[in-house]
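Commentary on secondary and tertiary structure
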Amino acid sequence: MAKQNDSTVNEFVLKGLTDKPELQLPLFLLSLGVYGVTVVGNMGMILLITFNSKLQSPMYYFLSSLSFIDLCYSTVITPKMLVNFVTEKNIISYPECMTQLYFFVFCIISECHMLAVMAYDRYVAICKPLLYNVTMSYHVCSWLVVQVYMMGLIGATAHTGCMLRAVFCKDKIVNHYFCDLFPLLELSCSRTYINEVVLLCFSIFNFLATTLTILGSYVSIIASILRICSTEGRSKAFSTCSSHMLAVTIFYVSAAFVYLQPSNVSSMDQGKVSSVFSTIIVPMLNPLIYSLRNKDVKVALNKMIEKRLSCINEDF
């Protein structure tokens, strides 16, 4: 693949999070623990929603898809980072780097659109409750999820395709702990004008499409909640979307800290720290947010734990 794009580089060296040896082991153990919680939390959420008959509504169908994206998102980045913590040279081959870039872009775009779809679902549930079952039918929900993944695939294919055209010369040290767009573009010794145009167009489209959907949905939701007379009714309506609001806020704020910074060396180092939160911590937080703040999920989880404990007691 390195010859196909006239590149003289067949591997990259990832600079990693830190060059201090004394921090490698603590960061390895911390990242391993976070990744373990991420896998258990998201896999648990998927299995809980799949096998619990009371969690078969569209909201939980979308939540299971979000958990799947978060699981993939973390798996694309963290295992390679863990290996790099315990090896002397953080080498990643050219094909492996392009593959990591492809799935990273796929996951981040898919997550943006999935959060927008979930906001629309809450809008229909609160603002048009009588039409909810018709509007959010199984076929509609399936179509929306397919569209989310299609947006991710289109964006990932466009960005990675443009990156494959870039020429990399002698400089092969990536100032990051994974293959991201901006660090790779900085290494290119060919013109990156097309890459930058594609990046700008897709970023504007994905940002506007998702944020306008989310903001529009929540403006309507807030207006509907304010029209509810009883305090109990308002509280119940707000509780159905509070978890999603928190997840959206965390995702977009962390993404803003990573990508909305000036492109100099100090900001790149700050961006790496912010990127840790975006790529590693956020996928861990989402299942925790929805399990701790969602009554139905907590009830289903408690019942499943009680059932497992009773089975263990019977065996003994």
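In this text the structure is predicted, and so the values were computed from the model without any measurement.

Conventions used here
Residues numbered from 1 in each chain as written. Predicted model: local features only at pLDDT ≥ 70, side-chain atom pairs only at ≥ 80, totals over all residues. Heavy atoms only, no water. Disulfide = S-S within 2.5 Å. Helix = DSSP H or I, 4+ residues; strand = E, 2+ residues; numbered from the N terminus. Buried < 20%, exposed > 50% of the residue type's maximum accessible area, 1.4 Å probe, protein only. 1 Å grid on protein atoms, 1.4 Å probe; cavity = no way out; pocket = protein on both sides within 12 Å on 5 of 7 lines; lining within 4 Å. Points joined across faces, edges and corners; volume = space filled by probe spheres on them. Nonpolar A, V, L, I, M, F, W, Y, C, P; charged D, E, K, R; others polar. Pairing = 2+ DSSP bridges. Contact = heavy atoms within 4.5 Å. Axes fitted to C-alpha atoms, helices over the stretch in contact; angles between N-to-C directions. Expected span 1.5 Å × (residues − 1). Parallel < 35°, antiparallel > 145°, perpendicular 65-115°, else oblique. Left-handed = near helix turned anticlockwise from the far one by under 90°. Phe/Tyr/Trp six-rings, centres within 6.5 Å; stacked < 30°, edge-to-face > 60°.

Some points on the state of the cysteines
- Scanning the entire structure with this criterion turns up 2 disulfides.
- Between C97 and C179 runs a disulfide, and the two sulfur atoms are separated by 2.0 Å. Across the S-S bond of C97 and C179 the torsion is about -125 degrees, and the bridge reads as left-handed. Of the two residues, C97 is situated in helix 3 (residues 94-127) and C179 in the loop between strand 3 (173-174) and helix 6 (181-187); the sequence distance between them amounts to 82 residues. As far as burial versus exposure is concerned, C97 and C179 are alike and both buried.
- Between the sulfur of C169 and that of C189 lies a disulfide, 1.8 Å long from S to S. Classification of the bridge connecting C169 and C189 rests on its S-S torsion, roughly 75 degrees, and on that basis the disulfide is right-handed. Note that C169 is positioned in the loop between helix 5 (138-165) and strand 3 and C189 in the loop between helix 6 and helix 7 (193-226), a separation of 20 residues in sequence.

Some words on empty space enclosed by the protein
- The full count for this structure, using the stated rule, is 2 cavities of 30 Å³ or more.
- M59, R122, T240, H244 and Y290 are the residues nearest the centre of the largest cavity, which is lined by 13 residues in total.
- Per-element accounting of the lining of the largest cavity gives the leading share, 5 residues, to helix 8 (residues 231-259).
- For the lining of the largest cavity, a count of residues per class yields 6 nonpolar, 5 polar and 2 charged.
- If you add up the space inside the second largest cavity, you get close to 40 Å³.
- As for the second largest cavity, its lining consists of H159, C162, L181, L185, N195 and L199.
- Where the lining of the second largest cavity is concerned, the elements lending two or more residues are helix 5, helix 6 and helix 7.

Comments concerning the sheet that holds strand 1 (residues 11-14)
- The mixed open sheet is built from 3 strands, whose spatial order is 2-1-3. Whereas interior strands pair on both sides, the edge strands pair on one side only; in this sheet they are strand 2 (91-93) and strand 3.
- Where strand 1 meets strand 3, 2 bridges bridge the pair, whose relative direction is parallel. Each bridged residue has a counterpart across the sheet, and for L14 the counterpart in strand 3 is V174.
- Strands in contact with helix 3 are strand 1 and strand 2; relative to strand 2, the strand with the most contacts, it is inclined by about 85 degrees.

Observations regarding the layout of surface pockets
- Roughly 720 Å³ of volume is contained in the largest pocket.
- If you go around the largest pocket, you meet 23 residues; those closest to its centre are I108, S203, F207, A255 and Y259.
- Going through the elements one at a time, helix 3, helix 6, helix 7 and helix 8 are the ones with two or more residues in the lining of the largest pocket.
- Element by element, the count of residues in the lining of the largest pocket is highest for helix 7, at 8 residues.

Overview of helix 7
- Taking 1.5 Å per residue as the helical rise, helix 7 with its 34 residues ought to reach 50 Å, and the 48 Å between its terminal C-alpha atoms agrees with that figure.
- Burial in helix 7 covers these residues: N195, V198, L199, N206, T210, T211, I214, S217, Y218, I221, S224 and I225.
- Its buried side turned inward, helix 7 meets helix 3, helix 5, helix 6 and helix 8.

Let's talk about the environment of L115
- Looking at the secondary structure, you find L115 in helix 3.
- Put simply, L115 and H244 are 129 residues apart on the chain and 7.8 Å apart in space, counted from C-alpha to C-alpha.
- Dropping the residues within four chain positions of it, L115 is found in contact with L66, I214, H244, V248 and F251.

Quick word on the packing of helix 2 (residues 58-85) against helix 3
- Where helix 2 meets helix 3, the axes come as close as 9 Å, and the angle between the chain directions of the two elements is 160 degrees. Relative to helix 3, the element helix 2 is oriented roughly antiparallel. Between helix 2 and helix 3 the crossing geometry is left-handed.
- Split by residue class, the contact of helix 2 with helix 3 holds 18 nonpolar, 3 polar and 6 charged.

With respect to the packing of aromatic side chains
- In this structure the tally under the stated criterion is 13 aromatic pairs.
- Taken together, a centroid distance of 5.9 Å and an interplanar angle of 50 degrees make the contact between Y61 and F62 tilted.
- When its relative accessible area of 29% is taken as the criterion, Y61 is described as partly exposed.
- Classification of F62 as buried rests on a relative accessible area of 0%.
- Connected via pairs of aromatic rings, a cluster forms that spans Y73, F104, Y177 and F178.

Details of the environment of Y120
- Positionally, Y120 belongs in helix 3.
- Residues Y120 and M136, spaced 16 residues apart in sequence, show a C-alpha to C-alpha distance of 9.8 Å.
- Discounting chain neighbours no more than four positions away, the residues touching Y120 are T135, M136 and S217.

Read these as spatial facts, not as claims about activity.
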